[in-house]
Amino acid sequence: MASVSSPLSGTVGDIIPAAGSALKTVKSTTTLPEALAVMGAHNIYAVPVVNPGTGVCEGLLSLSDIASFLVQQFWKESGVDSFAATCELSTEKMASHLATVKHSFDTQTSLATMNLCRSNAYCPVTKDVSLANAVRRLATGGSVSRLVVVSEDKKPLAMVTPADLVVAFNKRSEVLGAFGDVPVKDVCNVFDSILGIQGSHRVIDALALMVEHVIDSVGVTDDDTDEVITVMSVKDLREALIDFQKLIMPAEAMMKEVRQKNFKAIAPVISVKDSLSLSHVMQKLAVVRVHRVYVRDDNGGSSRYTGVLSLRDILRAINEHTKA
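Residues numbered from 1 in each chain as written. Predicted model: local features only at pLDDT ≥ 70, side-chain atom pairs only at ≥ 80, totals over all residues. Heavy atoms only, no water.

How should the environment of K102 be read in this particular structure?
Here K102 is to be found in helix α4 (residues 91-107). For the pair K102 and F244, spaced 142 residues apart in the sequence, the C-alpha separation amounts to 8.0 Å. Those residues in contact with K102, other than ones at most four positions away along the chain, are I242 and F244. A polar contact of 2.9 Å, which involves the side chain of K102, links it to the side chain of D106. (Helix = DSSP H or I, 4+ residues; strand = E, 2+ residues; numbered from the N terminus. Contact = heavy atoms within 4.5 Å. Polar contact = N/O pair within 3.5 Å; in protein donor to acceptor, adjacent residues only side chain to side chain.)

Explanation requested: the packing of aromatic side chains in the structure shown.
The relation between two aromatic rings is expressed through the spacing of the ring centres and the mutual angle of the planes. In total, this model carries three aromatic pairs according to the counting rule given. For the ring pair F69 and F105, a centre distance of 6.3 Å and an interplane angle of 35 degrees mean the geometry is tilted. Here F69 is found in helix α2 (residues 63-78), whereas its partner F105 is found in helix α4, with 36 residues between them in sequence. The interplanar angle of 50 degrees and the centroid separation of 5.5 Å between the aromatic rings of Y294 and Y305 together place this pair among those described as tilted. Here the residue Y294 occupies a position in strand β12 (residues 292-296), and Y305 occupies one in strand β13 (residues 305-310), the gap between them amounting to eleven residues. Here the aromatic cluster, defined as three or more aromatic residues joined through ring pairs, consists of F69, F105 and F244. (Phe/Tyr/Trp six-rings, centres within 6.5 Å; stacked < 30°, edge-to-face > 60°.)

Is there a simple way to explain a negative patch on the surface in this structure?
A cluster of like negative charges, contributed by D223, D224, D226 and E227, occupies part of the molecular surface. Among the secondary structure elements, D223 is positioned in the loop between β9 (217-221) and β10 (228-233). Given the relative accessible area of 34%, D223 is considered partly exposed. (Patch = residues over 30% accessible without salt bridge, like charges linked within 9 Å, V, L, I, M, F, W, Y side chains within 5 Å. Areas by Shrake-Rupley, 256 points an atom, 1.4 Å probe, with all protein chains shown as cover. Salt bridge = Lys/Arg side-chain N within 4 Å of Asp/Glu carboxyl O. Lys, Arg positive; Asp, Glu negative; His and termini not counted. Charge placed at Lys NZ, Arg CZ, Asp CG, Glu CD. Buried < 20%, exposed > 50% of the residue type's maximum accessible area, 1.4 Å probe, protein only.)

Even after reading the chapter, I still don't get the sheet that holds strand β8 (residues 196-198), so can you show me in this structure?
What links the strands of a sheet is backbone hydrogen bonding, and the strands pair in either a parallel or an antiparallel sense. Spatial strand order, β8-β9-β10: three strands in an open sheet with mixed pairing. Two strands in the sheet have a free side with no partner beyond their single neighbour: β8 and β10. On average, each strand axis in the sheet is inclined to that of its neighbour by 30 degrees, with strand direction left out of account. Where β8 lies against β9, three bridges are found, and the strand directions are parallel. Looking at β9, one finds that G196 is bridged to G219. Across the face of the sheet, helix α7 (residues 203-213) comes into contact with β8, β9 and β10 while running at roughly 135 degrees to β9. Each of β8 and β10 is contacted by helix α9 (residues 251-261), which is oriented at about 75 degrees to β10, the strand it contacts most. (Pairing = 2+ DSSP bridges. Axes fitted to C-alpha atoms, helices over the stretch in contact; angles between N-to-C directions.)

Please clarify how the packing of helix α6 (residues 162-170) against helix α11 (residues 311-323) should be interpreted in this entry.
Between two packed helices, the angle of one axis relative to the other and the distance separating the axes together describe the packing. Where α6 contacts α11, the axes come no closer than 9 Å and their chain directions differ by 55 degrees. Our classification of the angle between α6 and α11 gives oblique. Considering how the two elements wind past one another, α6 and α11 form a crossing that is left-handed. Facing P162, A163, L165, V166 and F169 of α6, the residues of α11 in contact are L311, R312, I314, L315 and I318. Partitioning the contact of α6 with α11 into residue classes produces nine nonpolar, no polar and one charged. (Parallel < 35°, antiparallel > 145°, perpendicular 65-115°, else oblique. Left-handed = near helix turned anticlockwise from the far one by under 90°. Nonpolar A, V, L, I, M, F, W, Y, C, P; charged D, E, K, R; others polar.)

Rendered as structure tokens:
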């Protein structure tokens with residue numbers, strides 16, 4: 001059981017926005033283009049889906065769900081079913097298939113699209129749920145990526161994401177004690193190479209890779225050097241889900257357009273040395289507001305990426321630590 005000094009002490013109600021902070025929602029009958037307009041206007045990744053008559057929350061719709069519907073319909077229309085096969089299609093054929101998919105995309109409802117990505121399951125909680133319980137649900141829930149805080153009559157009040165929890169715990173970093181000094185190499189996901197695409201791959205290729213691996217971002221590498229130049233997330237590609245012409249753009253060109261619009265350079269890739277402490281990385285994530293960092297080998301000055309640390313990885317580590 002967590003002690004009073006634990007970073008997990010308190011309830012979900014302690015960290016959600018004050019009353020009056022309007023939570024953006026869509027109706028179950030809202031079409032995907034309409035939902036994308038809401039998400040774009042407020043720069044959000046996911047919205048609760050409510051019953052138009054009662055206001056009761058019926059689920060959660062994310063950009064990854066919308067991307068999954070698009071890719072699934074594209075695969076059905078084109079007769080392919082994988083990232084590799086998508087990459088082999090000519091841009092001309094791809095544009096033709098996308099034009100056919102556009103009608104079904106424009107009429108698809110939010111209700112019918114919820115959790116198509118298989119990583120956006122609806123998990124309602126009340127304000128009095130403990131932070132320890134919230135961490136456990138996000139750390140071990142598999143397909144649960146965020147929690148929807150609901151009232152007694154099941155109407156949505158707020159959402160709690162891994163980022164919200166990590167920011168809250170960062171303010172209590174001193175109570176992590178010696179655990180905060182653990183190097184990130186002990187808690188990150190280790191890999192041999194970054195899952196990604198080349199800059200010349202098209203945006204639809206990137207979405208196909210995300211859908212195939214049930215992830216929401218991929219690395220983008222330079223065609224000549226194979227060095228990672230940026231990270232492309234499904235949120236970066238929101239405009240391509242609105243304007244299908246952007247789906248056949250090269251990934252690197254799309255990312256330059258997105259970053260320039262947001263007054264950001266296409267790089268750098270956010271990374272940390274594998275010897276850096278967990279508490280230090282939590283501070284970095286809280287400041288730069290990203291969902292993951294790549295971990296670099298700190299042996300002999302190497303710049304090789306050896307792993308990735310996400311916000312959910314941090315929650316899993318904290319969950320295991322507080323259970324010990």
